[in-house]
Amino acid sequence: MNIDKEIIARAKEGDQKAMGEMYTHYKDYVLRSAWFILGKQEEAEDVMENVFLKVFTHLHTFNMERDFKPWLSRIILNEARNLFHKRKGTYDNTEAFIDGASSSGVSHEEKIDIRTHLAKMDYECRELILMRFYQDLTLEEIARIKKITLTNAKVRIHRALKKMKESMKSDA
């Protein structure tokens, strides 16, 4: 999923073609991640536009010694959080599916069930589950993004999964 560091370096220098390659490479990832949190296609598209605007205006601050994906994920989460809080946490689950998630072997109905239970969870839990299981970020990357310790990241993800499991049991 990561893009070549050479392309990022060229984009940092203002190469429009490299920026286009970055956009093409990451647009679906950004859109699906934003949709996962917000649940509305139109809002996810707005977030995607804002994310790429921020990426390209702040790319000069990106440390080439680090991985790009966690940096991008942080921007996605911040933009989605901003929009989520602007609409006061209401959640519309009309588009209940999880295309692109790392959920091989999961039926469409199971995906809808998972999405329904995620919609009931608080924003923090949904965000942690997104980062760990949908964006496939490591625990270390999550800890760095959330600015918490590795142990704290593990505990928070465990609690989020426990809440989701309890929610699914109560509806069974």
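It should be noted that the structure appears before, not after, this text.
Residues numbered from 1 in each chain as written. Predicted model: local features only at pLDDT ≥ 70, side-chain atom pairs only at ≥ 80, totals over all residues. Heavy atoms only, no water.

**With respect to the side chain of Q135**
In step 1: For Q135, the location among the structural elements is in the loop between helix 6 (123-134) and helix 7 (139-146).
In step 2: For Q135, a relative accessible area of 1% puts it in the buried group.
In step 3: Once residues within four sequence positions are removed from consideration, Q135 is found in contact with Y29, S33, K69, S73, I76 and L130. (Helix = DSSP H or I, 4+ residues; strand = E, 2+ residues; numbered from the N terminus. Buried < 20%, exposed > 50% of the residue type's maximum accessible area, 1.4 Å probe, protein only. Contact = heavy atoms within 4.5 Å.)

**Comments concerning the packing of aromatic side chains**
In step 1: A full pass over the atoms with the stated rule returns nine aromatic pairs.
In step 2: Here Y26 and F68 contribute two aromatic rings whose centre-to-centre distance is 5.2 Å and whose plane-to-plane angle is 50°, an arrangement assigned as tilted. One end of the pair, Y26, is in helix 2 (residues 16-38); the other, F68, is in helix 4 (residues 68-86), and 42 residues separate them in sequence.
In step 3: Through a chain of ring-to-ring contacts, three or more aromatic side chains come together here, namely Y26, Y29, F62, F68 and W71. (Phe/Tyr/Trp six-rings, centres within 6.5 Å; stacked < 30°, edge-to-face > 60°.)

**Details of the packing of helix 2 against helix 6**
Relative orientation and spacing of two packed helices are given, respectively, by the angle between their axes and the distance between those axes.
In step 1: Axis separation between helix 2 and helix 6 bottoms out at 10 Å; the angle between their running directions is 150°. Considering the angle they form, helix 2 stands roughly antiparallel to helix 6. Here the hand of the crossing between helix 2 and helix 6 comes out right-handed. Residues R32, S33, F36 and I37 of helix 2 form the contact with helix 6, whose own contacting residues are Y123, R126, I129, L130 and Y134. (Axes fitted to C-alpha atoms, helices over the stretch in contact; angles between N-to-C directions. Parallel < 35°, antiparallel > 145°, perpendicular 65-115°, else oblique. Left-handed = near helix turned anticlockwise from the far one by under 90°.)

**A look at the nonpolar core**
In step 1: Ranked by size, the top nonpolar core spans 50 residues in total, and within it M22, F68 and L72 carry the most contacts.
In step 2: At twelve residues, helix 2 tops the list of elements feeding residues into this core.
In step 3: Contacts of F68, omitting those with residues within four sequence positions, involve I8, M22, Y26, V55, L59 and F62. (Core = buried A, V, L, I, M, F, W, Y, C linked by side-chain atoms within 4.5 Å.)

**Side note on the environment of T149**
In step 1: Checked against the element boundaries, T149 lands in the loop between helix 7 and helix 8 (150-171).
In step 2: Linking T149 and L139, residues ten residues apart in sequence, is a C-alpha distance of 9.6 Å.
In step 3: In this structure the side chain of T149 is engaged in a polar contact, spanning 3.0 Å, whose partner is the backbone nitrogen of N152. (Polar contact = N/O pair within 3.5 Å; in protein donor to acceptor, adjacent residues only side chain to side chain.)

**Things to note about unusual backbone geometry**
In step 1: Positive phi, close to 55°, is recorded for D136, a residue that is not glycine.
In step 2: Along the chain, D136 falls in the loop between helix 6 and helix 7.
In step 3: Here the phi dihedral of K147 falls at roughly 60°; this positive angle occurs in a residue that is not glycine.
In step 4: Among the secondary structure elements, K147 is positioned in the loop between helix 7 and helix 8.

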